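The residues making up each chain are set out below.
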Amino acid sequence: MERDAALNTEPAPWQVAGETLRSRLLLGTARYPSPAVMAAAVAASGAEVLTVALRRQAPSQLGGGAIWDHIAQLGCRILPNTAGCHTAQEAVTLAQMSREIFATDWLKLEVTGDDYNLQPDPFELLEAARQLTGMDFKVFAYATDDLVLCSRLRDLGCVAVMPWGAPIGTGKGLTDPYALATLRARLPDAVLVVDAGLGLPSHAAQVMELGFDAVLLNTAVARADDPPRMAAGFRQAVAAGRLAFEAGPMAISETAQPSTPVVGEPFWQAEQ
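Residues numbered from 1 in each chain as written. Predicted model: local features only at pLDDT ≥ 70, side-chain atom pairs only at ≥ 80, totals over all residues. Heavy atoms only, no water.

### Focus: the overall build of the protein chain
Moving on, step 1. In terms of helices and strands, the protein chain carries 11 helices and 10 strands.
Moving on, step 2. Within the protein chain, buried positions represent 44% of all 272 residues.
Moving on, step 3. Carbon and sulfur atoms make up 52% of the accessible area of the protein chain, which amounts to about 14,100 Å² in all. (Helix = DSSP H or I, 4+ residues; strand = E, 2+ residues; numbered from the N terminus. Buried < 20%, exposed > 50% of the residue type's maximum accessible area, 1.4 Å probe, protein only. Areas by Shrake-Rupley, 256 points an atom, 1.4 Å probe, with all protein chains shown as cover.)

What follows is the structure in structure tokens.
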């Protein structure tokens, strides 16, 4: 290996919705102890994309526009989401509001089907995605890890499909690595981002080692004792996992194989 190649320790950039991004970590902006802590965490994460929950209210109705001004000053691309919606119509209405307020056609599409584990409703989600892609939204669709559902979302023209690692906010990590590995194998050309359920940087590294394009998380950083340090940990884990994938991991073997050859002559005898 040439020396210059050996010194390249940064993961390759990736593309989504026509944009080239260097960071493969997308970060949420909710549940932080304060705006200052949030800003420090965003800086430590290196994230270039931040999610923002609009729900059904304008910024001026959410206790003043200060928090929105604070987020805007961070210099990141905003990815509004439709968190809190339970039907396709609610999601479409909120999406139209978000495009007007944030002046972006990027949208994280969420349609909740169950309030216990916040599992997406596959039927309403598909209908919302169908309508929104028809309105030229760049849809980042939050889904379960169901292969058929994710395939349908890809076919509808979603710019990114975002299966969960576990139910949102649980911090459990990857509850079904096989399902995620299958998604990556069966949808090789789709932009896939694992969103929700991650709790530790090691979880993010595992996602990236599977070949996913990025991870999106919020609670794991926002609810840590030290959000900026946790954000830095996730930043390094995402980069490490992606580098491992790009490097091409060794093949798994069912039997032990010595790392040091045991055949031939010891080197000092060969020299004699």
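Once the structure has been displayed, the description carries forward.
### Some remarks on the nonpolar core
Moving on, step 1. Residues Leu109, Leu153, Val215 and Leu217 are the most contacted members of the largest nonpolar core, which totals 57 residues.
Moving on, step 2. With six residues, helix α4 (residues 88–102) is the largest single contributor of residues to this core.
Moving on, step 3. Every residue in contact with Val215, bar those within four places of it in the chain, is listed here: Arg24, Leu25, Leu26, Val193, Val194, Leu198, Ala204, Val207, Met208 and Val238.
Moving on, step 4. Ranked by size, the runner-up nonpolar core spans 15 residues in total, among them Leu21, Val49, Val159 and Val193. (Core = buried A, V, L, I, M, F, W, Y, C linked by side-chain atoms within 4.5 Å. Contact = heavy atoms within 4.5 Å.)

### Examining the pairing of strand β5 (residues 77–81)
Within a regular beta strand, the side chains point alternately toward one face of the sheet and then the other, so they alternate between its two faces.
Moving on, step 1. Buried residues dominate β5, accounting for four of its five residues.
Moving on, step 2. By the bridge criterion, five bridges tie strand β4 (residues 49–53) to β5 in an arrangement that is parallel. Considered in β5, the bridge of Val49 is made with Arg77. (Pairing = 2+ DSSP bridges.)

### Some remarks on the pattern of salt bridges
Moving on, step 1. All told, the structure shown has eight salt bridges when counted by the stated rule.
Moving on, step 2. With a closest N to O distance of 3.2 Å, Lys108 and Glu110 form a salt bridge. Take Lys108 and Glu110: they sit in the same class, and that class is buried. (Salt bridge = Lys/Arg side-chain N within 4 Å of Asp/Glu carboxyl O.)

### Some details on the environment of Val191
Moving on, step 1. The residue Val191 is located in the loop between α7 (177–186) and β9 (193–195) in this model.
Moving on, step 2. Val191 sits in the buried class, given a relative accessible area of 17%.
Moving on, step 3. In this structure the C-alpha to C-alpha distance between Val191 and Ala160, which are 31 residues apart in sequence, comes to 4.8 Å.
Moving on, step 4. Not counting residues up to four positions away in its chain, the partners in contact with Val191 are Trp14, Gln15, Val16, Val159, Ala160, Val161 and Asp213.

### Things to note about the packing of aromatic side chains
Moving on, step 1. Evaluated as defined, the whole model comprises one aromatic pair.
Moving on, step 2. The ring of Trp106 carries the charged tip of Arg77 above its face, separated from the ring centre by 4.0 Å.
Moving on, step 3. Lying over the aromatic face of Phe212, Arg184 brings its terminal NZ or CZ to 6.0 Å of the ring centre. (Phe/Tyr/Trp six-rings, centres within 6.5 Å; stacked < 30°, edge-to-face > 60°. Lys NZ or Arg CZ within 6 Å of the ring centre and 35° of its normal.)

### A short note on the environment of Val159
Moving on, step 1. Tracing the chain through its elements places Val159 in the loop between α6 (147–155) and β8 (160–163).
Moving on, step 2. Expressed as a C-alpha distance, the spacing of Val159 and Ala17, which sit 142 residues apart in the sequence, is 5.6 Å.
Moving on, step 3. Apart from the residues within four sequence positions on either side, Val159 is in contact with Val16, Ala17, Lys138, Val139, Phe140 and Val191.

### Points about the packing of α4 against helix α5 (residues 122–134)
Moving on, step 1. Running from N to C, α4 and α5 cross one another at 35 degrees; their axes reach a closest spacing of 8 Å. Classified by chirality, the crossing of α5 by α4 is right-handed. Contact residues: α4 offers Ala88, Gln89, Ala91, Val92 and Ala95, while α5 offers Glu124, Glu127, Ala128, Gln131 and Leu132.
Moving on, step 2. Looking at the contact of α4 with α5, its residues break down into six nonpolar, two polar and two charged. (Axes fitted to C-alpha atoms, helices over the stretch in contact; angles between N-to-C directions. Left-handed = near helix turned anticlockwise from the far one by under 90°. Nonpolar A, V, L, I, M, F, W, Y, C, P; charged D, E, K, R; others polar.)

### Quick look at unusual backbone geometry
Moving on, step 1. In this structure, Ala103 takes a positive phi of about 55 degrees despite not being glycine.
Moving on, step 2. Within the element layout of this structure, Ala103 appears in the loop between α4 and β6 (106–109).
Moving on, step 3. Even without a glycine there, the phi angle at Leu118 is positive, about 55 degrees.
Moving on, step 4. Mapped onto the secondary structure, Leu118 falls in the loop between β6 and α5.

### A few points about the side chain of Asp145
Moving on, step 1. Relative to the assigned elements, Asp145 resides in the loop between β7 (138–143) and α6.
Moving on, step 2. No salt bridge is formed by the buried Asp145; its nearest oppositely charged neighbour, Lys172, is found at 14 Å.
Moving on, step 3. With residues up to four places along the chain from it excluded, the contact list for Asp145 reads Pro163, Trp164, Asp176, Ala179, Leu180 and Leu183. (Lys, Arg positive; Asp, Glu negative; His and termini not counted.)

### A few points about α7
Owing to its 3.6 residues per turn, the α-helix aligns residues three or four sequence positions apart on the same side.
Moving on, step 1. For α7, the set of buried residues is Ala179, Leu180, Leu183 and Arg184. Down the axis of α7, the buried side of the element spans an arc of 135 degrees, and every buried residue falls inside it. Summarising the geometry of α7, the exposed residues directed more than 90 degrees from the buried face are Tyr178, Ala185 and Arg186. (Arc of directions from axis to C-beta.)

### Some words on the pairing of β8
Moving on, step 1. Both faces of β8 are covered, namely the face carrying Ala160 and Met162 and the face carrying Val161 and Pro163.
Moving on, step 2. Across four bridges, β7 lies against β8 in parallel orientation. Note that in β8 the partner of Phe140 across the bridge is Ala160.
Moving on, step 3. After leaving β7, the chain enters α6 and then returns to the sheet as β8, a path that is right-handed. (Right-handed = clockwise from strand over helix to strand, strands pointing away.)

By themselves, these are just geometric observations and shouldn't be taken as functional.
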